[in-house]
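Geometric and topological summary
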Amino acid sequence: MRALVLNCPREPLRASAVPNPKPGPGEVLIRIRACAVCRTDLHIIDGELPGPKLPLVPGHEIIGVVAEKGQDAERFKIGDRVGVPWLGWTCGVCNYCRTGRENLCDQARFTGYSVNGGYAEFTVADQRFCFPIPEAYSDAEAAPLLCAGLIGYRSLLKTGEAKRLGIYGFGAAAHIITQVARFQGREVYAFTRQGDSEGQQFAKSLGAVWVGSSAALPPEQLDAAIIFAPVGGLVPLALKAVAKGGFVVCGGIHMSDLPAFPYELLWQERSVCSVANLTRRDGEEFFAVAPRVPVRTTVHTFPLTEVNEALHRLRSGRIEGAAVLIPA
Ligand SMILES: [Zn+2]
Ligand SMILES: [Zn+2]
């Protein structure tokens, strides 16, 4: 099969012919129809996340159909459409797994990081970690739901009942979560890079009640803020924007260093936390709510072979919504 392979971080991906993977016990072979490009893929490819499997097929927002089943893989039928997320396998026995926090499993394996992912024509996945995909979505539209949607949803859960919600960094996750937040009756305040009028327009079109630059203060104090941009300097800015008792949730896997800031910004029971990975339960909840909103995704498709161009455009902030790779 054809796959786009990372041989060494900080090098372009190489189009390679590699043997088709074989599904092991409890695994399914999936013929890939679409795979979205996540900012985490950039962090892996750019060498900002330590120790990826090498060589690696990146990609963890996979939509495809079951093409073959390994031994005892009875959950899906041949031809069923499934999605494969970032969380690819957990041990099931560690303290985190046994207390509903499999997202923190010590032994967890991650799709497109510690096991091969979806920048290819086929992949294998543990059937227990695949999701059935609501019929309302085309393959390309569904792909960004697998991470931008799922991690975004987990970030949103961490904001509790916050009514006024700030979102810093208006990319793939923000455009999905804004729709869910509005459905839940929240107000969204969107923060973008200074002068990013296209991003601000996009946020407005999705129903943000206010848009502005990250350094600006919103007209009202926020109850919570989610930071999707990988910029540590946004943490004190978001703390300044939230009211007493407010939450600042960092939704990315990698962030530049946080600058020192006065304790006064954290005082009055403001909190800062991060969101790591997802649980299967997050996915089940999210895929139940998404068609009810209904969440619509804005996608830009690229042929699989043009992955380096898609990555380049994402890196320079020139993708509105999500980039999605389509195998020929
Ligand atoms: Zn575990
Ligand atoms: Zn991701």
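The text that follows walks through the structure, step by step, so that each part is easy to find. (Residues numbered from 1 in each chain as written. Chains lettered and ligands numbered in written order. Predicted model: local features only at pLDDT ≥ 70, side-chain atom pairs only at ≥ 80, totals over all residues. Heavy atoms only, no water.)

1. Focus on the environment of Leu314
Put simply, the test is: Each helix is a run of DSSP H or I of at least 4 residues and each strand a run of E of at least 2, with the numbering of both proceeding from the N terminus. For every residue, the accessible area obtained with a 1.4 Å probe (protein chains only) is divided by the maximum for its type, and the residue is called buried under 20%, exposed over 50%, and partly exposed between those limits. Contacts between residues were defined by any pair of non-hydrogen atoms, one from each residue, lying within 4.5 Å.
Structurally, the position occupied by Leu314 is in helix 9 (residues 307-315). Overall, Leu314 belongs to the buried group, its relative accessible area being 15%. When the C-alpha atoms of Leu314 and Gly47 are compared, they prove to be 16 Å apart, with 267 residues separating the residues in sequence. Look past the residues within four positions of Leu314 in its chain and what remains in contact with it is Val37, Cys38, Arg39, Leu42 and Ile319.

2. Structural notes on the packing of aromatic side chains
Basically, it comes down to this: Aromatic pairing here means that ring centres of Phe, Tyr or Trp (its six-membered ring) are within 6.5 Å. Orientation follows from the plane angle: under 30 degrees is stacked, over 60 is edge-to-face, and everything else is tilted. Criterion for a charge above a ring: Lys NZ or Arg CZ within 6 Å of the ring centre, and within 35 degrees of the ring normal.
Taken as a whole and assessed by the stated rule, the structure comprises 10 aromatic pairs. With a centroid separation of 5.6 Å and an interplanar angle of 20°, the aromatic rings of Trp86 and Tyr113 are classed as stacked. Placement of the pair is Trp86 in the loop between strand 5 (81-84) and strand 6 (87-89) and Tyr113 in the loop between strand 7 (109-110) and strand 8 (122-126), with a sequence separation of 27 residues. Pair check on accessibility: Trp86 and Tyr113 agree, each one buried. Grouped by ring-pair contacts, the aromatic residues Phe131, Tyr153, Phe286 and Phe287 constitute a single cluster. Its guanidinium or amino end placed over the ring of Phe129, Arg280 lies 4.0 Å from that ring's centre, counting from NZ or CZ.

3. Some words on the nonpolar core
Defined as follows: The term nonpolar core refers to a set of buried residues drawn from Ala, Val, Leu, Ile, Met, Phe, Trp, Tyr and Cys, joined through side-chain atoms within 4.5 Å.
Tyr119 and Phe286 are the most contacted members of the largest nonpolar core, which totals 95 residues. Counting residues per element, this core draws most heavily on strand 3 (residues 27-37), at 8 residues.

4. What to know about the sheet that holds strand 15 (residues 271-274)
Selection rule: Think of it this way: DSSP has to see at least two bridges between two strands before they count as a pair. A fitted line through C-alpha atoms represents every axis, and for helices the fit uses only the stretch in contact; the resulting angles, taken between N-to-C directions, go from 0 to 180 degrees.
The sheet built from 6 strands is open, its strands ordered 12-11-10-13-14-15 with parallel pairing. Pairing within the sheet leaves two strands with one partner each, and these edge strands are strand 12 (210-213) and strand 15. Pairs of neighbouring strands in the sheet enclose a mean axial angle of 20°, with direction left out of account. Across 4 bridges, the pairing between strand 11 (residues 187-192) and strand 12 is parallel.

5. Quick word on the layout of surface pockets
Just so we agree on the cut-off: The method works on a 1 Å grid over the protein atoms by themselves. A cavity is a set of points holding a 1.4 Å probe that cannot get out, a pocket is an open set with protein on both sides within 12 Å along at least five of seven lines, and residues with an atom within 4 Å of a point line them. Grid points are joined across faces, edges and corners, and a volume is the space filled by probe spheres set on the points. All amino acids are sorted into three groups, where Ala, Val, Leu, Ile, Met, Phe, Trp, Tyr, Cys and Pro are nonpolar, Asp, Glu, Lys and Arg are charged, and the leftover types, Gly among them, are polar.
Taken as a whole, the largest pocket encloses approximately 1100 Å³ of empty space. Lining the largest pocket are 49 residues, and of these Arg39, Gly171, Ala172, Phe228 and Ala229 sit closest to its centre. Residue composition of the lining of the largest pocket, by class: 24 nonpolar, 17 polar and 8 charged. A volume near 420 Å³ is recorded for the second largest pocket. Val115, Asn116, Thr123, Val124 and Ala125 are the residues nearest the centre of the second largest pocket, which is lined by 28 residues in total. If you list the elements that add at least two residues to the lining of the second largest pocket, you get strand 6 and strand 8. The biggest single contributor to the lining of the second largest pocket is strand 8, with 5 residues. Taken together, the residues of the lining of the second largest pocket break down into 19 nonpolar, 5 polar and 4 charged.

6. Comments concerning helix 5 (residues 172-183)
Helical geometry note: an α-helix holds 3.6 residues per turn, so side chains three or four residues apart project in the same direction. Threshold: Here the expected length of a helix is defined as 1.5 Å per residue gap, with one fewer gap than residues.
If you check helix 5, its first and last C-alpha atoms are 18 Å apart, about what 12 residues at 1.5 Å a residue would give, namely 16 Å. In terms of residue burial, helix 5 counts as a mostly covered element, since 9 of its 12 residues are buried. Those residues of helix 5 hidden inside the fold are in contact with helix 4 (148-157), strand 10 (164-168), strand 11, helix 6 (197-205), strand 13 (222-227) and helix 8 (280-289). Once helix 5 ends, the next one or two residues include Gly185, with phi positive near 85°.

7. Considering the pairing of strand 3
Most of strand 3 sits inside the fold, with 8 of its 11 residues counted as buried. Taken together, the 5 bridges between strand 3 and strand 8 define a ladder with antiparallel strand orientation. Paired with Arg31 across the strands is Phe122, a residue of strand 8. Where strand 3 meets strand 4 (residues 62-69), 7 bridges bridge the pair, whose relative direction is antiparallel.

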